[in-house]
Every structure is written in C-alpha cells, then in structure tokens.
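Listed here are the chains, written in short residue letters.
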Amino acid sequence: MTSYRVLTTAGLALMLALGPALARGAPAIQVQDDRGRNVALEAPARRAVTLAPHATELAYAAGAGDFLVGTVRGSDYPPAARVLPVLGDGTQPDAERVAAARPDLLIAWQPGAAEPLARVMDKLGVPVFYSDPLTLAAIPGAVERMGVLFGTETVANAAARDLRARLDALKTRYAGRRPVRVFVQAGLNPIYTLNDASIVSDALRLCGGVNVFGQASIVAPQVNLEGVLAARPEVVLAGVAGPEDTRANLAAWQAMGLPAARQGHVYGIDADALYRPGPRLIDAAESLCADLDRVR
C-alpha cells in the first residue's frame, strides 16, 4: 500500500526556511553554547548525556528528559532523573561508559573537567555543548537553547516565557526596596563565602540584597569571624539540606555573637536550588526575596 505524507503549512514554511542551508549542506541545527562555540547537529538530539546536575534540570525543563541516556552523580532532579544511568561524576566522567551509551550529544559544564572526555567525543563525532548560565536572566535562554538542541521548542519556549515573567515580577516588586546587607555562608567550619561573581549574588541583587563580601577577589574566599562581624550583615543566607541545617546555623551564629543571628535573621534555602544555575534558582530567588523582606 502506498503511503502519503501530508505536508502542513508549518512544515512547508520550515522547508522553505531551511532550503538554502540544506542546499549548502549546512547542519539543520546550530546553537551557540556558553563558551561562544557554535554547536551543530544534523538532527535533534535523541541520546544525550549531561555532565552536570543543572544541565539535567535544564533539559527536563525544556521537555527533553526522555532524550537523556546518562548523567553524573548528583543529577537527582526532577525525580525522573534519578533513574538515569550514572556514568561517573562531574569532575571525572567515565569516558568508556559515556561512549558505550552511544550519545549523539554531550552537555558539559566546566571545561577543565570535560575536556578529556570532549576529546574522545570529538573522535567519535559527538557534538559537545557547554552550559554555564552566569545570571538569572540567562536561565530562560538556556532552556530555549535546550529546546532547539532537542527539537522541543514548544515546551521549552513556554517554560522560558514563564521563567522570564517570574523574574520580571520580582524585578518590579523589589525595585527601590531598602538594601539589606547579606552574608552568604558557603561554609561554616571554616567559614567560606561567595563574591559578586557568583550567581547567588545575582539573585541577591534582584531582591535588593547587598553581598557584604561581594568585592572579594576570588569567587569563594575563606573569611574569619572577625571579618564577618565587622561587615555587619543584617542577614545570613546559606544553602541547606533541610530545616535542621538552618536551626544549626542559627545556633552557631548566635553562639558566635552575630547580632543578625540574635534577631533570628539566619535563613536557609535548598542548596541544590540555590547553587545550581537552573530553573529552580528562580524558586530560590522568590524565597530569598521574601526572607529579605522580613528584615526591612
């Protein structure tokens, strides 16, 4: 029996748009990654491997979770990601296991960790896309680019619109609010913090927060108690695993004599949501903004 394929108006428009590129033999999909590299695919990815938890979250947000065939330790969100094969960790992915997964796309994060594997993928003809959103505003665009890579633009674009609308709402709501001095606790024993180059500080700025160690020369400096006390933060913010961590942090800072802690202004936000540059960071920003309003 002869089968006929009906060409829709949208399909015809797509063919006309791609016609010149196809005639030149250009790849059907070309997307710039976060290292400024042009990543080309002949067809939407269908067997991708992610090398960072945030990249996994971006792919799922773009409607492409079903097209992931492997990831690294720590990729635990959304819950569906927990059943993906684990092919090593983000600092040392197992090249043999990744190759055995027969990926058609590798989504990496830090070049230093990924480059040995990237060289193997290059020999196998597998494109490598580096994902590293550095600001909250870059996250919706990251979701959109995942949609292009996987051919799931309808889902991805809708998700990106929602994320942008939420960010715009926060920007409008907190514009002009009184600045709040914040100490970002990245470690307690010893004490570590983050500077303004971190995406966490970008969330702070959106909420009207001021990172008291924002001008530090390195991203994650170690500081001492005397320095924290001298910085006079009104709020301590930490990434936590659960409410018990926030209670422990509050007790520790109260014992160290921090005035903000004596007033109860020590807050915790889910560490994975706060530190991963993915869609849940917008959730974290909404919680952070509400926490800062308690001090104003």
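As the structure is a computational prediction, the values presented were derived from the model and not from experiment.

To continue, consider the sheet that holds strand S5 (residues 105-108). As summarised here, the arrangement of the four strands in space is S4-S3-S5-S6, forming an open sheet in which the pairing is parallel. Of all strands in the sheet, those bounded by a partner on one side alone are strand S4 (68-70) and strand S6 (128-130). Neighbour-to-neighbour, the strand axes of this sheet turn through a mean angle of 30 degrees, independent of strand direction. Both S5 and S6 contribute to a ladder of three bridges, which runs parallel. Counted as the bridge partner of Ile107 is Phe129 from S6. Sitting on the sheet, helix H2 (residues 53-61) touches strand S3 (48-50), S4 and S5, and the angle it makes with S4 is about 155 degrees. Its contacts with the sheet put helix H5 (residues 138-150) on S3, S4, S5 and S6, and the angle it makes with S5 is roughly 165 degrees.

Within this model, the largest pocket holds a volume of roughly 500 Å³. Lining the largest pocket are 25 residues, and of these Trp109, Gln110, Asp132, Tyr275 and Pro277 sit closest to its centre. Counting residues per element, the ones that place at least two in the lining of the largest pocket are H2, helix H4 (111-124), helix H7 (199-206) and helix H11 (271-275). It is H11 that contributes the most residues to the lining of the largest pocket, three residues altogether. Broken down by class, the residue content of the lining of the largest pocket amounts to 17 nonpolar, five polar and three charged.

Moving on to the packing of aromatic side chains. Taken as a whole and assessed by the stated rule, the structure comprises three aromatic pairs. Aromatic side chains Phe183 and Phe213 sit 5.9 Å apart centroid to centroid with 75 degrees between the ring planes, which places their arrangement in the edge-to-face category. Here Phe183 is found in strand S7 (residues 180-185), whereas its partner Phe213 is found in the loop between strand S10 (209-211) and helix H8 (225-231), with 30 residues between them in sequence. Pair check on accessibility: Phe183 and Phe213 agree, each one buried. For the ring pair Phe183 and Trp253, a centre distance of 5.6 Å and an interplane angle of 75 degrees mean the geometry is edge-to-face. Here Phe183 is found in strand S7, whereas its partner Trp253 is found in helix H9 (residues 243-255), with 70 residues between them in sequence. Overall, Phe183 belongs to the buried group, its relative accessible area being 0%. Assessed through its relative accessible area of 0%, Trp253 is described here as buried. The structure contains a cluster of three or more aromatic residues connected by ring pairs, namely Phe183, Phe213 and Trp253. In this arrangement the basic side chain of Arg35 is found over the ring face of Tyr130, its NZ or CZ atom lying 4.7 Å from the centre.

Quick look at the pattern of salt bridges now. Two side chains that carry opposite charge are able to pair once their charged atoms sit near each other. Under the counting rule described, the total for this entry stands at 18 salt bridges. For Arg145, the salt bridge identified is with Asp34, shortest N-O distance 2.8 Å. On the criterion of sequence distance, the pair formed by Arg145 in helix H5 and Asp34 in the loop between strand S1 (29-32) and strand S2 (38-41) is long-range, its members being 111 residues apart. As a salt-bridge pair, Arg205 and Asp202 come within 3.4 Å of each other at their nearest N and O atoms. Pair noted here: Arg205 and Asp202 are both in helix H7, with a separation of three residues, about one helical turn. Overall, the relative accessible area of 43% leaves Arg205 in the partly exposed class.

Attention shifts here to unusual backbone geometry. Between Tyr77 and Pro78 the backbone carries a cis peptide bond, its omega angle lying at -5 degrees. Within the secondary structure, Pro78 is located in the loop between S4 and helix H3 (95-100). For Arg102, which is not a glycine, the phi torsion comes out positive at approximately 55 degrees. By the secondary structure assignment, Arg102 is in the loop between H3 and S5. You can call Arg102 exposed: its relative accessible area is 56%. Unusually for a residue other than glycine, Arg232 sits at a positive phi of about 55 degrees. Secondary-structure assignment places Arg232 in the loop between H8 and strand S11 (235-240).

Here we take up H2. Counting buried residues along H2, seven of its nine residues qualify, which places the element largely inside the surrounding structure. What H2 keeps buried is the set His54, Ala55, Thr56, Glu57, Leu58, Ala59 and Tyr60. Its buried side turned inward, H2 meets S3, S4, S5, H5 and helix H12 (280-293). Gly63 occupies a position one or two residues after H2 and carries a positive phi of about 80 degrees.

Quick notes on the rules
Every chain is numbered independently, its residues counted from 1 as its sequence is written. Thresholds applied to this predicted model are a pLDDT of at least 70 for local features of residues and 80 or more for the giving and counting of side-chain atom pairs; totals over whole chains, interfaces and linings are not thresholded and use all residues. Side-chain numbers here rest on the full set of heavy atoms in the structure, without hydrogens or water. Note on pairing: DSSP must find at least two bridges between two strands before they are called paired. Segments assigned H or I by DSSP are reported as helices when at least four residues long, segments assigned E as strands when at least two residues long, and all are numbered from the N terminus. Inter-axis angles, ranging from 0 to 180 degrees, are taken between N-to-C directions of lines fitted to C-alpha atoms, where helices are fitted over the stretch in contact. The criterion used for residue contact is that any of the two residues' heavy atoms lie within 4.5 Å. Both cavities and pockets are sets of points on a 1 Å grid over the protein atoms alone; in a cavity a 1.4 Å probe fits but cannot get out, in a pocket the set is open with protein on both sides within 12 Å along at least five of seven lines, and lining residues sit with an atom within 4 Å of a point. Grid points are joined across faces, edges and corners, and a volume is the space filled by probe spheres set on the points. Note that Gly is not counted as nonpolar here; it falls among the polar residues with everything else outside the nonpolar set of Ala, Val, Leu, Ile, Met, Phe, Trp, Tyr, Cys and Pro and the charged set of Asp, Glu, Lys and Arg. Whether two aromatic rings pair depends on their centres lying within 6.5 Å, for rings of Phe, Tyr and Trp, where Trp uses its six-membered ring; planes under 30 degrees apart make the pair stacked, over 60 edge-to-face, and the rest tilted. For every residue, the accessible area (1.4 Å probe, protein chains only) is compared with the maximum for its type, and the residue is labelled buried under 20%, exposed over 50%, or partly exposed between those bounds. To sit over a ring, a charge needs its Lys NZ or Arg CZ within 6 Å of the ring centre and within 35 degrees of the ring normal. Counted as salt bridges are all cases of a side-chain nitrogen of Lys or Arg within 4 Å of a carboxyl oxygen of Asp or Glu.

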